[in-house]
Amino acid sequence: MGAMPDTIQLDPSLAATKLAAIPIINLEPLLHGTQEEQALAIREIGDACRNIGFFYVINHGVPEALVARVFAEAARFFALPDARKAEIAIEKSGCHRGWFKMGGENLDPAKQKQSGDLKEGVKIGRDLGADHPLVAAGTPLHGPNQWPDLPGWRAVMQEYYDAMEALGRRLLQAFASALGLSSEYFDGWLDAPMTTLGPLHYPPQKGHITEAQIGAGAHTDYGCLTMLAQDEAGGLQVRGKAGVWIDAPPVAGSFVVNIGDMMERWTNGVFTSTLHRVINVSGRERYSVPFFFDPDFDTPVECLATCLGVGEAPKYAPTTAGQHLLDMINASFSYHQKK
Ligand code: OGA
Ligand code: NI
């Protein structure tokens, strides 16, 4: 008798070790503490960004009930038939907004040559009308969202978007302080930051699982900063500096925060953009809600003054936030490659 089709055989290359290397940082002192307490939290955040590039935040001020409503609305959308979801297909958007189907994103194109990630998702950005100066000027990635025809859906997503953007601004202030810059340093590049809410749905995975197709292939995030809410299913793995995969299990009331490539580039590698991947072996649907935080389109991304050691040269050529994101999206979204 052959293997039961429902049993799970994880390829050895997909196993993770259990190390408690991802710190859990309490944001309460950062948001409401004395100056001394804030300084301590900033130090913890800076250490995490320099080391593993990943940390959990708790007591972050975003209400649990709001997070729960976002998950409920995400599940409601993903449960629709594909034909309904296709009404807001990302292919129809001129600014990378809307639904992408299973396999539409491939975060590890070298390994997942045929398949793409085993997930579907929605991209929700800053909702700008045609009369907004950036849209009128034809700025890439700027424009209106596509909203599904589901009563109440838009309001919940927008409320969460606003709450996460506010938290992202606060975290960037902490980053600035941790880098030895004035805490407002990044604020000058946050007039219309390119922030994206991206609910994801991972179906259960069974059978023989290899790197040829998993929920999210090994990747680093493109942008500055990601804040992820994950459900109870687990499956997120982070690759530690020693090259081993570490589980990043669900922690109640937390977001998983990580540094992306743009911030690594901006800080000349002082902050670390770390590989991670998702393998949904929970046997059930998995939902997660990443929020990607990036600055204004025309933000110059070149080595920050405090990140260049004596006698060191910048490791990366200067770019802009917008150009960096466009380059990265072109590399991982199938529909975008033709553009
Ligand atoms: C991502 C990502 C992790 C998750 O979308 O970049 O890493 O748990 N997601 O969905
Ligand atoms: Ni990621």
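Each remark here, short or long, concerns the structure printed above.
Residues numbered from 1 in each chain as written. Chains lettered and ligands numbered in written order. Predicted model: local features only at pLDDT ≥ 70, side-chain atom pairs only at ≥ 80, totals over all residues. Heavy atoms only, no water.

Draft legend 1. Examining helix 3 (residues 64–78) more closely. The terminal C-alpha atoms of helix 3, which comprises 15 residues, lie 21 Å apart, in line with the 21 Å expected from a rise of 1.5 Å per residue. Of the residues making up helix 3, those classed as buried are Leu66, Val67, Val70, Phe71, Glu73, Ala74, Phe77 and Phe78. One side of helix 3 carries all its buried residues, which in axial view fall inside an arc of 165 degrees. (Helix = DSSP H or I, 4+ residues; strand = E, 2+ residues; numbered from the N terminus. Expected span 1.5 Å × (residues − 1). Buried < 20%, exposed > 50% of the residue type's maximum accessible area, 1.4 Å probe, protein only. Arc of directions from axis to C-beta.)

Draft legend 2. Layout of the site of ligand 1. Around ligand 1 sit Leu200, Tyr202, His219, Asp221, Leu228, His276, Val278, Arg286, Ser288, Pro290 and Phe292, and those are all the residues in its vicinity. Contacts to ligand 1 include aspartate 221, whose side-chain N or O atom sits 3.0 Å from an oxygen atom. Separating an oxygen atom of ligand 1 from a side-chain N or O atom of serine 288 is a distance of 2.6 Å. Surface burial for ligand 1 is 95%, taken as the share of its 290 Å² of free accessible area covered by protein chains. For ligand 1, the cavity whose grid points lie within 2 Å of the majority of its atoms is the largest cavity. Listed by contribution, the elements that provide at least two residues to the shell around ligand 1 are strand 7 (200–202), strand 14 (276–278) and strand 15 (286–294). The greatest single-element share of the shell around ligand 1, amounting to four residues, is contributed by strand 15. Here the residues of the shell around ligand 1 sort into six nonpolar, three polar and two charged. (Near = heavy atom within 4 Å. Polar contact = N/O pair within 3.5 Å; in protein donor to acceptor, adjacent residues only side chain to side chain. Areas by Shrake-Rupley, 256 points an atom, 1.4 Å probe, with all protein chains shown as cover. 1 Å grid on protein atoms, 1.4 Å probe; cavity = no way out; pocket = protein on both sides within 12 Å on 5 of 7 lines; lining within 4 Å. Sits in = over half its atoms within 2 Å of the grid points. Nonpolar A, V, L, I, M, F, W, Y, C, P; charged D, E, K, R; others polar.)

Draft legend 3. Up close: the sheet that holds strand 12 (residues 245–247). One open sheet holds the four strands; their spatial order is 9-14-11-12, and the pairing between them is antiparallel. Every other strand in the sheet has two partners, leaving strand 9 (216–219) and strand 12 as the edge strands with one partner each. Neighbour to neighbour, the strand axes of the sheet diverge by 20 degrees on average, direction disregarded. Two strands pair when backbone bridges link them, and strand 11 (residues 236–239) and strand 12 are joined in this way by three bridges, in the antiparallel orientation. Bridge assignment links valine 238 to a residue of strand 12, and that residue is isoleucine 246. (Pairing = 2+ DSSP bridges. Axes fitted to C-alpha atoms, helices over the stretch in contact; angles between N-to-C directions.)

Draft legend 4. How the structure looks around the nonpolar core. Ranked by internal contacts, the top residues of the largest apolar core, which has 88 residues, are Ile45, Tyr160, Phe175 and Phe186. In this view, phenylalanine 186 contacts Leu172, Phe175, Ala176, Leu179, Leu181, Met263, Trp266 and Leu304; residues no more than four positions away in its chain are not counted. (Core = buried A, V, L, I, M, F, W, Y, C linked by side-chain atoms within 4.5 Å. Contact = heavy atoms within 4.5 Å.)

Draft legend 5. Here's a closer look at the packing of helix 2 (residues 35–50) against helix 6 (residues 153–178). Two elements in contact, helix 2 and helix 6, have axes whose closest approach is 9 Å; the angle formed by their N-to-C orientations is 85 degrees. The orientation of helix 2 with respect to helix 6, classified from their angle, is roughly perpendicular. Residue-level contacts link Gln38, Ile42, Ile45, Gly46, Cys49 and Arg50 of helix 2 to Arg170, Leu171, Ala174, Phe175, Ser177 and Ala178 of helix 6. Its residues assigned to classes, the contact of helix 2 with helix 6 comprises seven nonpolar, three polar and two charged. (Parallel < 35°, antiparallel > 145°, perpendicular 65-115°, else oblique.)

Draft legend 6. How the structure looks around helix 8 (residues 321–332). With twelve residues, helix 8 extends 17 Å from end C-alpha to end C-alpha; this agrees with the ideal 16 Å at 1.5 Å per step. Within the sequence span of helix 8, burial applies to Ala321, Gly322, His324, Leu325, Leu326, Ile329 and Ser332. Contacts from the buried residues of helix 8 go to strand 6 (194–197), helix 7 (261–266), strand 15, strand 16 (300–301) and strand 17 (319–320).

Draft legend 7. A look at the pairing of strand 3 (residues 54–58). Among the five residues in strand 3, four count as buried, and that is most of the element. One ladder, built from three bridges, connects strand 2 (residues 24–26) with strand 3; its direction is parallel. Following the sheet pairing, isoleucine 24 is matched in strand 3 by tyrosine 56.

Draft legend 8. Fine view of the pattern of salt bridges. Counted according to the given criterion, the structure contains twelve salt bridges. One salt bridge in this structure joins arginine 69 and glutamate 159, with 3.3 Å as the shortest N-O distance. A residue pair is termed long-range when its members are at least 10 positions apart, and arginine 69 in helix 3 and glutamate 159 in helix 6 qualify at 90 residues. A residue is classified by how much of its surface remains accessible, and glutamate 159, at 39% relative accessible area, is partly exposed. (Salt bridge = Lys/Arg side-chain N within 4 Å of Asp/Glu carboxyl O.)

Draft legend 9. Spatial organisation of the packing of helix 3 against helix 6. For the pair helix 3 and helix 6, the least separation of the axes is 10 Å and the interaxial angle reads 135 degrees. The pairing of helix 3 with helix 6 is recorded here as oblique in orientation. Considering how the two elements wind past one another, helix 3 and helix 6 form a crossing that is left-handed. Seen from helix 3, the contacting residues are Leu66, Val67, Arg69, Val70, Glu73, Ala74, Arg76 and Phe77; seen from helix 6, they are Trp153, Val156, Met157, Glu159, Tyr160 and Ala163. For the contact of helix 3 with helix 6, a count of residues per class yields ten nonpolar, no polar and four charged. (Left-handed = near helix turned anticlockwise from the far one by under 90°.)

Draft legend 10. Up close: the layout of surface pockets. Considered as a void within the structure, the largest pocket measures approximately 230 Å³ in volume. Taken together, 17 residues make up the lining of the largest pocket; nearest its centre are Glu64, Val67, Gln230, Gly253 and Ser254. (Points joined across faces, edges and corners; volume = space filled by probe spheres on them.)

Draft legend 11. The arrangement of the coordination of the nickel ion (ligand 2) in detail. At the metal site, the nickel ion (ligand 2) is ligated by His219 (NE2), Asp221 (OD) and His276 (NE2), and these contacts range over 2.0 to 2.1 Å. Sequence spacing of the donor residues for the nickel ion (ligand 2), all on one chain, is H-x1-D-x54-H. Within this pair, whereas aspartate 221 is found in the loop between strand 9 and strand 10 (225–230), its partner histidine 276 is found in strand 14, the two being separated by 55 residues in sequence. Residue aspartate 221 shares its accessibility class with histidine 276, and that shared class is buried. (Donors = N, O, S within 2.8 Å, 3.2 Å for Na, K, Ca; no water.)

Interpretation note: all reported values are geometric properties and have no functional meaning in isolation.
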